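The chain contents come next:
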Amino acid sequence: MINLILFGPPGSGKGTQAERLVDQYNLVHISTGDLFRYEMGNNTPLGIQAKSFIARGELVPDEITIGMLRNKVEAHPDANGFIFDGFPRTIRQAEALDHLMNEEGTSIHALIALQVDDDEIIQRIKLRGATSGRSDDSDEGIIRNRLDVYKKETTPVFDYYAGQGKSHLVEGTGSIDAIFDRLCAAINALHAGL
Ligand code: AMP
């Protein structure tokens, strides 16, 4: 079993790469952003609760997010492993994830961070916003707020897993294939050590 956190700022390519990694390593992909968008699209109570936070580019409160994540993990008791995308985004979420993995008799094996600079991030998100229909991808003020929130609340998660010797950096620019190859090289090196 291998459980990975694909880490990085919004627009760093986590979703695109996670979809490919799922096929390569037979993992279950859990994206909290996708889960929230699904709930909002269906106007569920959870979606309605999350909506105003997402629209402002803020984090949905931990108690809502962690509960949703737990349900999703528990729905896959036979998984070969998980790839977490967009979660954890706070230290409290990281602690809850470690606790949950422990309850499942496993652990997080690695956090892999995609490194992309701010200017490229803003360009990429705006480009995505032109076709995704995501309102949080269209307004530069909201995009900048998401980046600020990432720097303040989410980057400490990198240090949290670095403290466990589990954090790795991968260059997140270049072609999708080149980035995928770098990710696979990092994961294969880990796999060999497990
Ligand atoms: P994403 O698709 O990962 O960029 O997420 C879109 C939005 O969903 C974020 O800007 C947050 O408002 C919300 N969101 C996604 N994942 C989380 C999380 N782990 N904790 C809190 N809010 C989240």
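Structure first, text after, so check above.
Procedures and definitions
- Residues numbered from 1 in each chain as written.
- Predicted model: local features only at pLDDT ≥ 70, side-chain atom pairs only at ≥ 80, totals over all residues.
- Heavy atoms only, no water.
- Helix = DSSP H or I, 4+ residues; strand = E, 2+ residues; numbered from the N terminus.
- Rg over C-alpha atoms; globule rule 2.2 N^0.38 Å.
- Areas by Shrake-Rupley, 256 points an atom, 1.4 Å probe, with all protein chains shown as cover.
- Lys, Arg positive; Asp, Glu negative; His and termini not counted.
- Charge placed at Lys NZ, Arg CZ, Asp CG, Glu CD.
- Near = heavy atom within 4 Å.
- Polar contact = N/O pair within 3.5 Å; in protein donor to acceptor, adjacent residues only side chain to side chain.
- Axes fitted to C-alpha atoms, helices over the stretch in contact; angles between N-to-C directions.
- Parallel < 35°, antiparallel > 145°, perpendicular 65-115°, else oblique.
- Contact = heavy atoms within 4.5 Å.
- Nonpolar A, V, L, I, M, F, W, Y, C, P; charged D, E, K, R; others polar.

(A) How the structure looks around the overall build of the protein chain. A tally of regular secondary structure across the protein chain gives eight helices and five strands. Ordering the α and β elements of the protein chain from the N terminus gives β-α-β-α-α-α-β-α-β-α-α-β-α. Taking 16 Å as the expected radius of gyration for a compact globule of 194 residues, we find that the protein chain reaches 16 Å, a close match to that expectation. With the C-alpha coordinates aligned to their principal axes, the bounding extent of the protein chain is approximately 45 × 40 × 30 Å. When the accessible surface of the protein chain is split by element, carbon and sulfur atoms take 50% of a total near 9,400 Å². Of the side chains in the protein chain, 19 bear a positive and 28 a negative charge, and the two mean positions are spaced by 4 Å.

(B) Up close: the site of the ligand. Residues in close proximity to the ligand total 16 residues, the closest being Thr32, Arg37, Glu58, Gly86 and Gln93. Between Arg89 and the ligand, the recorded distance is 3.0 Å, taken from a side-chain N or O atom to a nitrogen atom. Arg146 is positioned with one of its side-chain polar atoms (N or O) 3.3 Å from an oxygen atom of the ligand. Computed on the free molecule, the ligand has an accessible area of 480 Å², of which 96% lies beneath the protein chains in the complex. Ranked by residues supplied to the shell around the ligand, first place goes to helix α2 (residues 32-41) with four residues.

(C) Region of interest: the packing of helix α5 (residues 91-103) against helix α7 (residues 140-162). Relative to each other, α5 and α7 sit at 40 degrees, their axes nearing to 9 Å. The pairing of α5 with α7 is recorded here as oblique in orientation. Facing Ile91, Ala94, Glu95, Leu97 and Asp98 of α5, the residues of α7 in contact are Pro156, Val157, Tyr160 and Tyr161. Here the residues of the contact of α5 with α7 sort into seven nonpolar, no polar and two charged.

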